[in-house]
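Okay, here's what each chain looks like letter by letter:
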Amino acid sequence: MIAPMLAATPTPDFRSPAFLRAHIADTMAFYEGRCVDPSGGLFQFFKDDGSVYDARTRHLVSSTRYVFTHAMGWRHFGRPEWQATARHALAFVDQVHAQPGGGFAWVLDWSAGRAAVTDATNHCYGLAFVLLAHAHALLAGQADAAAGLERCWQLMEQRFWEPQHGLYADEATPDWVVGPYRGQNANMHACEAMMAAFRATQDRKYLERAIALADAVTARLAARSAELPGVVGACSALVWEHFGPDWSIDPDYNRGDRSNIFRPWGFQTGHQTEWTKLLLQLDRLCAAAGLAADPARLARARTLFDAAMRFGWDEANGGLVYGFAPDGTLYDGDKYHWVQAESLAAAAWLAEALERAGAPAAEVAGYWSWYERLWGYAWRHFVDHRYGAWYRILSPENAKLTDEKSPAGKVDYHDMGACYDVLAALEA
């Protein structure tokens, strides 16, 4: 293992591009030399010290996110072995996760070069990351990823797109019977993937779809939060997670069940700020494409972020909680790595967007202050200064709850992604 380059003290300059790049390199060092499985794909389950605790399970989200981390690493650091790992990771997605019916297995058991499908459910969330993986592979110079990108677009279009609602359905059986559940999370990551696809191809259909998804979720669906029982005014325009087949709001889905990390109940602090970031990235992307600015995006981004800080910040212990109820009270006080990471990136994007818009200096400084506060908290509590990478989850009092640093879906995609997002906000 490569020793982390940055010590815990003194506190670094979190706005420095050199710091952000060094922290990405530190995080990549945790995975380097131990994540690639020569028989196929990459190992996905790591303890704090980097030891692999499950060598066989392959989750589609981790498989695709590895493409992102290594493709971005190659683009920013020029390490040819990272480009090769991105290609290795994408090959596993396209050759092993891919199923005869056109979908991608959600979970596989991989042993001695053989795969057994343990969960064949088709998730739009998973396809969004398949699309994202192909887009980033293409951006990293893998020309043959273009075909897989188009196939995934067509698959999502055929199986999940609901034009009457301007949104994607959520899941289907292995033989493509679409279930009744509808959720914003898959659409949020589809929006992210569509922007990446547009950057990779300059095909306007991807940008148009990203715009449609952002407007549908953060304007139309967010307005339905006013229908939630007991909702307070400051929460009535936030993004709720769960909906019925007609996209009517479902106030009770998974209420009381904190075990489903992909479909938790309540307002998710990190999803409000993730949408903040995506709305502002979309605005800049539209401007680069010659489209007229939409002032409503900045206003919505600010509303979402401000509410997330108001109801999500733990004044006693620091950090952002996982979720809060429609009346603004605490629902899930645990601290998750990705919530802090997405929120610090959102704060940077808000500060930059407001400065470009000519906002008063005090308003811009207020969001930079949140950026510093969030980074400072993460630096103290989430970043592992001994072994590298970020811890996954902490208690409300910031105690480590597990020694499983990277279970299914993590691979520090959010944590490194936040650093890249800040670099992009700074145009550094």
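Anything mentioned here points back to the structure above.
All of the points below concern the structure found in this document. (Residues numbered from 1 in each chain as written. Predicted model: local features only at pLDDT ≥ 70, side-chain atom pairs only at ≥ 80, totals over all residues. Heavy atoms only, no water.)

### A short note on the packing of aromatic side chains
Step number 1: This model, assessed by the stated rule, comprises 36 aromatic pairs.
Step number 2: Relative to Trp110, the ring of Phe92 lies with its centre 5.0 Å away and its plane at 85°, an arrangement referred to as edge-to-face. Linking Phe92 in helix H3 (residues 80-97) with Trp110 in strand S4 (residues 107-111), this pair joins segments that are 18 residues apart in sequence. For the pair Phe92 and Trp110, one class covers both residues: buried. (Phe/Tyr/Trp six-rings, centres within 6.5 Å; stacked < 30°, edge-to-face > 60°. Helix = DSSP H or I, 4+ residues; strand = E, 2+ residues; numbered from the N terminus. Buried < 20%, exposed > 50% of the residue type's maximum accessible area, 1.4 Å probe, protein only.)

### Quick notes on the state of the cysteines
Step number 1: For the structure shown, the criterion picks out zero disulfides.
Step number 2: This cysteine, Cys35, is not joined by any disulfide, and Cys419 carries the nearest cysteine sulfur, 18 Å off.
Step number 3: Take Cys191: it sits in no disulfide, and the sulfur closest to it among the cysteines is that of Cys286, at 9.5 Å.
Step number 4: Of the residues examined, Cys191 reaches a relative accessible area of 0% and is grouped as buried. (Disulfide = S-S within 2.5 Å.)

### So, unusual backbone geometry
Trans peptide bonds make up the majority, and among non-glycine residues the majority have a negative phi.
Step number 1: Note the cis peptide between Thr9 and Pro10, where omega equals -5°.
Step number 2: Position of Pro10 among the secondary structure elements: in the segment before helix H1 (17-31).
Step number 3: Phi is positive for Gln202, which is not a glycine, with a value near 60°.
Step number 4: For Gln202, the location among the structural elements is in the loop between helix H6 (184-201) and helix H7 (204-223).
Step number 5: You will see that Asp412, though not glycine, has its phi angle at about 60°, which is positive.
Step number 6: By the element assignment, Asp412 lies in the loop between strand S17 (404-406) and helix H12 (413-426).
Step number 7: For Asp412, a relative accessible area of 0% translates into the label buried.

### Some details on the layout of surface pockets
Step number 1: The computed volume of the largest pocket comes to approximately 580 Å³.
Step number 2: When residues in the lining of the largest pocket are grouped by element, the largest group, seven residues, is from H12.
Step number 3: Of the residues in the lining of the largest pocket, the class split is 14 nonpolar, five polar and nine charged.
Step number 4: If you trace the second largest pocket, you find it lined by Leu280, Asp283, Arg284, Ala287, Ala293, Asp294, Pro295, Leu298, Trp349, Ala353, Arg356 and Ala357.
Step number 5: For the lining of the second largest pocket, the element with the most residues is helix H8 (residues 269-288), which contributes four residues.
Step number 6: Residues belonging to the lining of the second largest pocket are distributed by class as follows: eight nonpolar, no polar and four charged. (1 Å grid on protein atoms, 1.4 Å probe; cavity = no way out; pocket = protein on both sides within 12 Å on 5 of 7 lines; lining within 4 Å. Points joined across faces, edges and corners; volume = space filled by probe spheres on them. Nonpolar A, V, L, I, M, F, W, Y, C, P; charged D, E, K, R; others polar.)

### Comments concerning the nonpolar core
Nonpolar side chains in soluble globular proteins generally cluster together in the buried interior.
Step number 1: Counting 139 residues, the largest nonpolar core has Met156, Tyr168, Met194, Trp275, Tyr371 and Trp375 as its most contacted members.
Step number 2: Excluding residues within four positions of it along the chain, Tyr371 makes contact with Phe14, Arg15, Leu20, Leu344, Ala347, Ala348 and Val422.
Step number 3: With five residues, the next largest nonpolar core counts Phe92, Val96, Leu108 and Trp110 among its residues. (Core = buried A, V, L, I, M, F, W, Y, C linked by side-chain atoms within 4.5 Å. Contact = heavy atoms within 4.5 Å.)

### What to know about the sheet that holds strand S1 (residues 45-47)
Step number 1: Here three strands make up an open sheet; going across it, the order is S2-S1-S17 and the pairing antiparallel. Of all strands in the sheet, those with a lone pairing partner are strand S2 (52-54) and S17, marking the two edges. With strand direction ignored, the average angle separating the axes of adjacent strands in the sheet is 45°.
Step number 2: Alignment of S1 against S17, held across two bridges, turns out to be antiparallel. The partner of Phe46 across the bridge, within S17, is Ser406. (Pairing = 2+ DSSP bridges. Axes fitted to C-alpha atoms, helices over the stretch in contact; angles between N-to-C directions.)

### Section: the sheet that holds strand S3 (residues 57-59)
Step number 1: Spatially, three strands are ordered S3-S4-S5 in an open sheet, and the strand pairing comes out antiparallel. Here the strands that pair on one side only, and so sit at the sheet edges, are S3 and strand S5 (114-119). Geometrically, the sheet is characterised by an average inter-axis angle of 30° between neighbouring strands, direction not taken into account.
Step number 2: Two elements, S3 and S4, share three bridges in a ladder whose sense is antiparallel.

### Concerning the packing of H6 against H8
Step number 1: H8 packs onto H6 with a crossing angle of 25° between their chain directions and a minimal axis gap of 11 Å. What the angle tells us is that H6 and H8 run roughly parallel. Between H6 and H8 lies a crossing of left-handed hand. Listed contacts from H8 to Gln184, Asn185, Asn187, Met188, His189, Cys191, Glu192, Met195, Phe198 and Arg199 of H6 are His271, Glu274, Trp275, Leu278, Gln281, Leu282 and Leu285.
Step number 2: Residues that form the contact of H6 with H8 fall into these classes: eight nonpolar, six polar and three charged. (Parallel < 35°, antiparallel > 145°, perpendicular 65-115°, else oblique. Left-handed = near helix turned anticlockwise from the far one by under 90°.)

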